[in-house]
Amino acid sequence: MKAIVYRSTGGPEVMELVERPIPEPGPGEVRVRVRMSGVNPTDWKARRGSRGHSDGVEQVPNQDGAGVVDAVGEDVDPAWTGRRVWIWEAAWQRADGTAQEYVVLPLRQAVPLPDDACFELGASLGIPALTAHRCLTVAEGGPDRLGPGALAGRTVLVAGGAGAVGNAAIQLARWAGATVITTVSSPEKAALARAAGAQHVVNYRDDDAAAAIRAVAPDGVDTVVEVAPAPNAELDVAVLAPNGTVALYANDGGNELALPVLPMMFGNLRWQAVMIYTVTAAAKNHAVAAVSAAVADGALRVGEQSGLPLHRFPVERVADAHAAVEQGAVGKVLIELP
């Protein structure tokens, strides 16, 4: 089978296309014939050494993907064979990601994908949608699992609504009944955020963002899904409602966060960091279940008409796919397997 591997960390050029034997599933595992592999920022960061790597050890990149189960291991119901699935965290603490024709992984990491959901959608879930779910459920007194009406009466601000996590956060928050405001940096990104379902879009380069957000939410926003906590700290403090929460999942714009103590104290404000790989098993289970339900309801979509343009690359151009993500491609980068 065709597989992409790298043996040392570095730029996209360290990856190469090789032939490997088709793996066999063990107890509690399934083998998935991968059709689409999704590329996320954590994939290229891992390739560059963010989590360490032993030289000489072959690593197949990419956490997310979608395909069809074609073999099952012992203790797995044979009825799984032939099911369409989406995959999450294939390469987390494992040497086998989704950038290969077949991947073997524990059954719980292969989630049924409805027949009317495309493989492009399946490969776009994983890290972005699970992260978005966690960000929307970390607030004190909030729901553990999203569903229709779970965020009714709440206002959510999504920073960077044209990104993959931002897009998923907008769609999931709308599905759960929230009022959604998002910030963007250009008219083009504003159009994508509206396509995702944001009711209110603020261009922070052209507008007084705090005033524009407060005009929509005079009592403040309940939750901020934050991609750039350092540069947006002042704005977040200015627009949070009492007892509001900032769920930060990235460090775009800087790794040092300065916060004003007294406004935080008087507002009982909360900053909650989110790393989807290391959340509790219960939180992960809630996220997987909710994302699956949203897909079944047609609430999660991909494509430019849904605010998430798709960029497809054949497996032979995996280096170009990784480079596109590393250079900030707007939308979702996918690798097509033969």
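Everything here concerns the structure above.
The following paragraphs examine the structure supplied in this document. Every chain is numbered independently, its residues counted from 1 as its sequence is written. pLDDT decides what is reported in this predicted model: residues at 70 or higher carry local features, side-chain atom pairs at 80 or more are listed and counted, and totals for whole chains, interfaces and linings draw on all residues regardless. Hydrogens are left out, water is left out, and the side-chain values use all remaining heavy atoms of the structure.

Comments concerning the pairing of strand E14 (residues 310–314)
Item 1. Sheet topology note: the E14/strand E15 (residues 332–336) ladder contains 5 bridges and is parallel. Note that in E15 the partner of histidine 311 across the bridge is valine 333.
Item 2. Every crossover in which the path from the first strand over the helix to the second runs clockwise, viewed with the strands pointing away from the viewer, is termed right-handed. Helix and strand assignments follow DSSP, with helices taken as H or I runs no shorter than four residues and strands as E runs no shorter than two, numbered in order from the N terminus. Of the crossover connections in this fold, the one passing from E14 over helix H10 (residues 318–326) to the parallel E15 is right-handed. Two strands make a pair as long as DSSP finds a minimum of two bridges between them.

Examining unusual backbone geometry
Item 1. We note that aspartate 75 has phi near 75°; this positive angle belongs to a residue other than glycine.
Item 2. Structurally, the position occupied by aspartate 75 is in the loop between strand E4 (64–72) and strand E5 (84–87).
Item 3. The phi torsion at glutamate 89 lies on the positive side, around 55°, for a residue other than glycine.
Item 4. Its place among the elements puts glutamate 89 in the loop between E5 and strand E6 (102–106).
Item 5. Residue exposure (1.4 Å probe, protein chains only): buried if accessible area is under 20% of the type maximum, exposed if over 50%, otherwise partly exposed. Since its relative accessible area comes to 6%, glutamate 89 is described here as buried.

Focus: the pattern of salt bridges
Item 1. Basic side-chain nitrogens of Lys or Arg form a salt bridge, by our definition, when they fall within 4 Å of a carboxyl oxygen of Asp or Glu. By the definition in use, this model includes 12 salt bridges.
Item 2. Ionic pairing is found between arginine 7 and glutamate 16, a salt bridge with its closest N-O pair at 2.1 Å.
Item 3. A relative accessible area of 30% means that arginine 7 is categorised as partly exposed.
Item 4. Of the residues examined, glutamate 16 reaches a relative accessible area of 35% and is grouped as partly exposed.
Item 5. Here lysine 284 ties to glutamate 89 by a salt bridge, and the two come within 2.8 Å at their closest N and O atoms. Remark: glutamate 89 occurs in the loop between E5 and E6 and lysine 284 occurs in helix H9 (residues 281–296); sequence separation between them is 195 residues.

Observations concerning the environment of aspartate 116
Item 1. Along the chain, aspartate 116 turns up in the loop between strand E7 (110–112) and helix H2 (119–123).
Item 2. Owing to a relative accessible area of 69%, aspartate 116 belongs among the exposed residues under this scheme.
Item 3. Distance in space between the C-alpha atoms of aspartate 116 and glycine 298 is 9.1 Å, their sequence separation being 182 residues.

Quick word on the packing of helix H3 (residues 126–136) against helix H4 (residues 164–175)
Item 1. Axis definition: a line fitted to C-alpha atoms, limited for helices to the stretch in contact. Angles are taken between N-to-C directions and run from 0 to 180 degrees. Orientation of H3 relative to H4, taken along the N-to-C sense of each, is 55°, at an axis distance of 8 Å. By the angle class used here, H3 and H4 are oblique. The element H3 and its partner H4 pack so that their crossing is right-handed. Mapping the contact onto sequence places Pro128, Ala129, Thr131, Ala132, His133 and Leu136 in H3 and Ala164, Val165, Ala168, Ala169, Leu172 and Ala173 in H4.
Item 2. Residue classes in the contact of H3 with H4 are distributed as 10 nonpolar, 2 polar and no charged. Should an angle fall under 35 degrees it is taken as roughly parallel, and over 145 as roughly antiparallel, whereas 65 to 115 is taken as roughly perpendicular and any remaining angle as oblique. Left-handed describes a crossing whose near helix is turned anticlockwise from the far helix by less than a right angle; the clockwise case is right-handed. Two residues form a contact once any of their heavy atoms are found within 4.5 Å. Under the grouping applied here, Gly and all other residues not named as nonpolar or charged are polar, the nonpolar ones being Ala, Val, Leu, Ile, Met, Phe, Trp, Tyr, Cys and Pro and the charged ones Asp, Glu, Lys and Arg.

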